Amino acid sequence: MRTKIKIENLSVFFNYIQALNNVSIQIPENRVTSIIGPSGCGKTSFLRTLNRMNELIHGYRLKGKVIIDDIDINEPDIDVVNLRRLVGMVFQKANLFPKTVYENLAFASKIHGIDDNEDVDDIIEHVCEQAAIWNEIKDRLHENALNLSLGQQQRLCIARALTVEPDILLMDEPASALDPISTAKIEELILELKKKYTIIVVTHNMQQAARISDFTAFLYMGQLVEFDKTTKLFMNPSNKQTEDYITGRFG
């Protein structure tokens, strides 16, 4: 397996608070990697280092390296806008604009210079098929996107992230606000999308991590406790702390 993302001695600070401490990890291409751990352990801070979104938070500092495709993404000459195109993100709650379904999907394409309406239409149909939502919304493109169900809204957010052809998809608790049926659809979608994308999912749901991920990283108090194939980490963890967490003894 080819390494897509290489993290070297990563430490993250927000003013005087240290969120991550000397984390090193190699994330493989075209696989699903889950990040698990209790609240406040640094999962979201880790995820947001991969597209430099932490820079939007006052007092943020970083030590170490984040290397994607052999490029250190924190070098001063990196185009952050292009980085965030290549490293798409789906948040815990659907963050749609209060506009039509079509306008939500067309926005990202037009921002990146695709003005031809036929091209935009083709992109929208393609990404909605990828996100397994086209049949549900093809006759509702001119309705307000906020009229969709929560599960449909979240899949629409995934479709929107795909419109700019990213290489990597970051997902921060993408199903935590959804019912079991919608959660199952999101999980099926993730398993399908990994054929084309490298996917990193932050989740509190360890059963979900076991179902969808090829690899799992366990973070605790900002440190990487263990990283391994998901089956190995859940069935035979190397670290006692990992075993205690996944069996519910703490966290």
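Look up: the structure comes first, before these words.
The following refers to the structure shown. Remember, it's a predicted structure, so these values are computed and weren't measured experimentally.

Rules behind the numbers
Residues numbered from 1 in each chain as written. Predicted model: local features only at pLDDT ≥ 70, side-chain atom pairs only at ≥ 80, totals over all residues. Heavy atoms only, no water. Helix = DSSP H or I, 4+ residues; strand = E, 2+ residues; numbered from the N terminus. Rg over C-alpha atoms; globule rule 2.2 N^0.38 Å. Buried < 20%, exposed > 50% of the residue type's maximum accessible area, 1.4 Å probe, protein only. Contact = heavy atoms within 4.5 Å. Areas by Shrake-Rupley, 256 points an atom, 1.4 Å probe, with all protein chains shown as cover. Phe/Tyr/Trp six-rings, centres within 6.5 Å; stacked < 30°, edge-to-face > 60°. Salt bridge = Lys/Arg side-chain N within 4 Å of Asp/Glu carboxyl O. Pairing = 2+ DSSP bridges.

Here's the deal with the overall build of the chain
Here is step 1: When its secondary structure is counted, the chain shows 10 helices and 10 strands.
Here is step 2: Whereas a compact globule of 251 residues would reach a radius of gyration of roughly 18 Å, the chain reaches 18 Å, a difference of no more than 12%.
Here is step 3: Principal-axis analysis of the C-alpha atoms gives the chain an extent of 55 × 45 × 35 Å.
Here is step 4: Within the chain, the fraction of its 251 residues that count as buried is 51%.
Here is step 5: Considering only contacts within the chain whose residues lie at least 6 apart along the sequence, 67% involve residues at least 24 apart.
Here is step 6: As presented, the chain carries roughly 12,200 Å² of accessible surface, and 49% of it is formed by carbon and sulfur atoms.

Section: the packing of aromatic side chains
Here is step 1: Summed over the entire model, instances satisfying the criterion amount to 4 aromatic pairs.
Here is step 2: Ring geometry for F14 versus Y60: centroids 5.7 Å apart, planes at 40°, classification tilted. Separated by 46 residues along the polypeptide, F14 in strand β1 (residues 3-14) and Y60 in strand β4 (residues 60-68) bring together distant segments of the chain.
Here is step 3: When the centroid spacing of 5.8 Å and the interplanar angle of 25° are considered together, the rings of F215 and F227 count as stacked.

Regarding the pattern of salt bridges
Opposite charge on two side chains permits them to pair, given that their charged atoms come into close proximity.
Here is step 1: This structure, assessed with the given rule, holds 15 salt bridges.
Here is step 2: Residue R211 is joined to E187 by a salt bridge in which the shortest nitrogen-to-oxygen separation is 2.7 Å. On the criterion of sequence distance, the pair formed by R211 in helix α8 (residues 206-212) and E187 in helix α7 (residues 180-193) is long-range, its members being 24 residues apart.
Here is step 3: Residues participating in the shared-partner salt-bridge network are R2, K4, E29, D69 and D167.

What to know about the pairing of strand β6 (residues 87-90)
Here is step 1: By the alternation rule, side chains of β6 split into V87 and M89 and G88 and V90, which are all buried.
Here is step 2: Bridging between β6 and strand β7 (residues 168-172) involves 4 bridges; their strand directions are parallel. From the neighbouring strand, G88 faces β7, where its bridge partner is L169.

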